[in-house]
Amino acid sequence: MIRLEQDNRNGIQSESRLIMFPAPEEYRTDNWKIQTVSVKIPEQPGEDGRMLALKTAWERLLIEEGTRSITGRSESFDRHLQSRLTLRYEGVITEPIRIISFVRENDHLHLTLETKFSPLAFPEDWEKLRKKRTRKENIKDILSVFQ
């Protein structure tokens, strides 16, 4: 599973987190597609350009294709109203991830990758998808008895 969280305080982006974690039992996906993502970023001296390019590619994929959600909160501090919004983009990728090209050119890095991706379904669909997965597993178990 892959998630991008962007925090905004009073309309200014304050923090961004890209989180990846294994989700072997993820059933909340249904719309799998092969996605190709290309990014061009300036090369930063002293940084691992490949990792920065990969991170940028994951962020672009999530923003363009992931499931979006938003949470907001308002706080009052010394009679000043402060607002905090968290934008969240979520999806699931499968291995293997194929890097089609990685080129250094004129102080820029060009990366193109291909992966199988699915955005998360909306919460109202989760129960339906869980039942669908359970039925598939039950059928597979029944068929395995006859093999």
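Rules used throughout
- Each residue is numbered by its place in its chain's sequence as written, counting from 1.
- Since the coordinates come from a predicted model, pLDDT governs what is reported: local features require at least 70, and pairs of side-chain atoms require 80 or more to be given and counted, while whole-chain, interface and lining totals use all residues.
- Calculated side-chain values reflect all of the structure's heavy atoms, with hydrogen atoms and water omitted.
- A helix here means a DSSP run of H or I that spans at least four residues, while a strand means a run of E at least two residues long, and both kinds are numbered starting from the N terminus.
- Our radius of gyration looks at C-alpha atoms and nothing else; its globule reference is 2.2 Å times the residue count to the power 0.38.
- Residue burial is assigned from relative accessible area. The probe radius is 1.4 Å, only protein chains are included, and a residue is buried under 20% of its type maximum, exposed over 50%, and partly exposed in between.
- Contacts are assigned to residue pairs with any non-hydrogen atoms lying within 4.5 Å of each other.
- Shrake-Rupley sampling with a 1.4 Å probe provides the accessible areas, and residues are treated as covered by the protein chains on show and by no other component.
- The nonpolar core is taken to be a set of buried Ala, Val, Leu, Ile, Met, Phe, Trp, Tyr and Cys residues, with the residues joined through side-chain atoms within 4.5 Å.
- Two strands qualify as a pair provided DSSP detects at least 2 bridges between them.
- Each polar contact in these results corresponds to two N or O atoms within 3.5 Å; when the atoms are within protein, one needs to be able to donate a hydrogen and the other to accept it, and residues that are neighboring in sequence are counted only if both atoms are side-chain atoms.
- Should a side-chain nitrogen of Lys or Arg be within 4 Å of a carboxyl oxygen of Asp or Glu, the pair is scored as a salt bridge.

A. Structural detail: the overall build of the protein chain. Secondary structure summary: the protein chain contains two helices and six strands in total. When the elements of the protein chain are put in sequence order from the N terminus, they spell out β-β-β-α-β-β-β-α. In terms of overall size, the protein chain is more extended than a compact globule, its C-alpha atoms giving a radius of gyration of 20 Å where 147 residues would be expected to give roughly 15 Å. Going through the 147 residues of the protein chain one by one, you find that 28% of them count as buried. Sequence-distant contacts in the protein chain: of pairs separated by 6 or more residues, those separated by 24 or more amount to 65%. With an accessible surface of roughly 10,300 Å², the protein chain has 51% of that area assigned to carbon and sulfur atoms.

B. Focus on the nonpolar core. Counting 17 residues, the largest nonpolar core has W58 and L111 as the members making the most contacts within it. Going through the elements one at a time, β1 (2-9), β3 (33-42), α1 (49-65), β5 (80-105) and β6 (108-119) are the ones with two or more residues in this core. Excluding anything up to four places from it in sequence, W58 contacts I2, L18, M20, I93, I97, L113 and T115.

C. Quick look at the pairing of β5. Taken together, the eight bridges between β1 and β5 define a ladder with antiparallel strand orientation. Looking at β5, one finds that R9 is bridged to R84. As judged from the eleven bridges shared by strand β4 (residues 67-77) and β5, these two strands associate in the antiparallel manner. Across the sheet, residue R68 finds its bridge partner in β5, namely Y89. Between β4 and β5, which follow one another and run antiparallel, lie two residues, and D78 among them has a positive phi close to 50 degrees. Both β5 and β6 contribute to a ladder of eleven bridges, which runs antiparallel. Among the inter-strand pairings, V92 is bridged to a residue of β6, identified as S118.

D. Up close: the side chain of R3. Position of R3 relative to the elements: it lies in strand β1. There is a polar contact of 2.7 Å between the side chain of R3 and the side chain of E90. Excluding anything up to four places from it in sequence, R3 contacts R17, L18, I19, F21, L62, R88, Y89 and E90.

E. Main features of the pattern of salt bridges. The tally for this structure, following the rule as stated, stands at twelve salt bridges. The partner of E5 in a salt bridge is R88, with the nearest N and O atoms 3.1 Å apart. Placement of E5 in strand β1 and of R88 in strand β5 is noted, with a sequence separation of 83 residues between them. For E5, a relative accessible area of 9% corresponds to the buried category. You can call R88 partly exposed: its relative accessible area is 23%. Among the salt bridges present, the one from R98 reaches E114, with a minimum N-O distance of 3.3 Å. Taken together, the residues span a long stretch of sequence, with R98 in strand β5 and E114 in strand β6 at a distance of 16 residues. In the salt-bridge network here, residues are joined through shared partners; they are R3, E5, D7, E15, R17, R84, R88 and E90.

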